[in-house]
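Given next are the chains, with one letter for each unit.
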Amino acid sequence: MNPTRYSTVAKDLMDGIANGRYPVGSLLPTEFELCDLYDVSRHTVRAAINQLLDQGLVSRRKRVGTRVEASSPRGGYSQSLASVADLAHLAETQQREIQDVRHFVADLSEAARLGLVPGEHYFCVSSIRVDRLHNAAPLCWIDVYAQRDYAEVIERAREHPDQLIAGLIEQHVGRSIAVVDQQVRAVLLTAELAKALKAEAGSPGLKIIRQYREENGDLMAVSETVHPDDRFTLVTQMRRVRSPS
């Protein structure tokens, strides 16, 4: 299944719901009809429909079909991420609003939390991300860390608010991200973060740390993102690997 393909199908269906092609109360075409319409597999169609389900746009009932329940997503944001390309696509739908830039030397605590090298020089770009497609509350607070040698991308990050900073670093150094290591855990929003994200202090949140690495394992960038719990759902898929017969 091509993850970019099902994101494209989901976006087209969302656009169709928003512009009235599929009005509230109507049924979407069947899975088979959608397969023919978009020339994709049933797995791709189901993944796209799941994105609409997660955003509260549709409901699905056996022997009835997929019914349109709302013309715009509920307050949260759902994204299925299976590749670096998916992360870039996610960034394209959001607007980065830089709040602060700082330069620092990594101490032992920061190095252990983020995978940095103690004593090395880094910069951190702190931003709020908002959904460009819907006038909603801020989606998250994100801190992006990278080596001081890559500081030229800071200005490019201001000029291109819809591109991943890690992607801008790729362009700057002429090397590619091969692997993204991801850690996800539950947190409580601090008073400072809650105020910035227009959420309630002490309410649940989701923290995601992503380490962007080159093929040889070298660290290119690290992002530390905090989402209020009602504004983001991370969808993953696990598939059984079958042994050769």
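Just above sits the structure.
On a predicted model such as this, the values are computed, not experimentally measured, just so you know. (Residues numbered from 1 in each chain as written. Predicted model: local features only at pLDDT ≥ 70, side-chain atom pairs only at ≥ 80, totals over all residues. Heavy atoms only, no water.)

Caption draft 1: Molecular detail of unusual backbone geometry. The phi dihedral of R63 falls on the positive side, at around 70 degrees, and the residue is not glycine. By the secondary structure assignment, R63 is in the loop between β1 (58-61) and β2 (65-68). Residues other than glycine seldom take positive phi values, yet K198 does so here, at roughly 55 degrees. Tracing the backbone shows K198 in the loop between α8 (191-197) and β8 (204-213). A relative accessible area of 65% places K198 in the exposed class. (Helix = DSSP H or I, 4+ residues; strand = E, 2+ residues; numbered from the N terminus. Buried < 20%, exposed > 50% of the residue type's maximum accessible area, 1.4 Å probe, protein only.)

Caption draft 2: Focus on the nonpolar core. Membership of the largest hydrophobic core comes to 20 residues, with the highest contact counts inside it found for L13, I17, L28 and L52. For this core, the elements supplying multiple residues, two or more each, are α1 (3-18), α2 (31-38) and α3 (42-54). The biggest single contributor to this core is α1, with 6 residues. Discounting chain neighbours no more than four positions away, the residues touching I17 are Y22, L52, L57, V58, V68, A70 and S71. Listed in part, the 18 residues of the second largest apolar core include I142, I154, I165 and M220. (Core = buried A, V, L, I, M, F, W, Y, C linked by side-chain atoms within 4.5 Å. Contact = heavy atoms within 4.5 Å.)

Caption draft 3: Looking closely at the sheet that holds strand β9 (residues 219-228). The strand order β4-β5-β6-β9-β8-β7 describes an open sheet built from 6 strands, whose pairing is antiparallel. Two strands in the sheet have a free side with no partner beyond their single neighbour: β4 (94-105) and β7 (179-188). The mean inter-strand angle of the sheet, taken between neighbouring strand axes irrespective of direction, is 15 degrees. Sheet topology note: the β7/β8 ladder contains 10 bridges and is antiparallel. Looking at β8, one finds that V187 is bridged to G205. Taken strand by strand, helix α7 (residues 165-173) contacts β4, β5 (121-131), β6 (140-147), β8 and β9, and its axis lies near 165 degrees from that of β9. (Pairing = 2+ DSSP bridges. Axes fitted to C-alpha atoms, helices over the stretch in contact; angles between N-to-C directions.)

Caption draft 4: Focus on the side chain of S223. Along the polypeptide, S223 turns up in strand β9. Beyond its immediate sequence surroundings of up to four residues, S223 is in contact with I142, D143, V144, I208, I209, R210 and Y212.

Caption draft 5: Highlighting the packing of aromatic side chains. Tallied over the full model, the rule gives 2 aromatic pairs. Pairwise contacts between aromatic rings join F104, Y122 and Y145 into one cluster. It is R102 that lies over the ring of F104; its NZ or CZ is 4.4 Å from the centre. (Phe/Tyr/Trp six-rings, centres within 6.5 Å; stacked < 30°, edge-to-face > 60°. Lys NZ or Arg CZ within 6 Å of the ring centre and 35° of its normal.)

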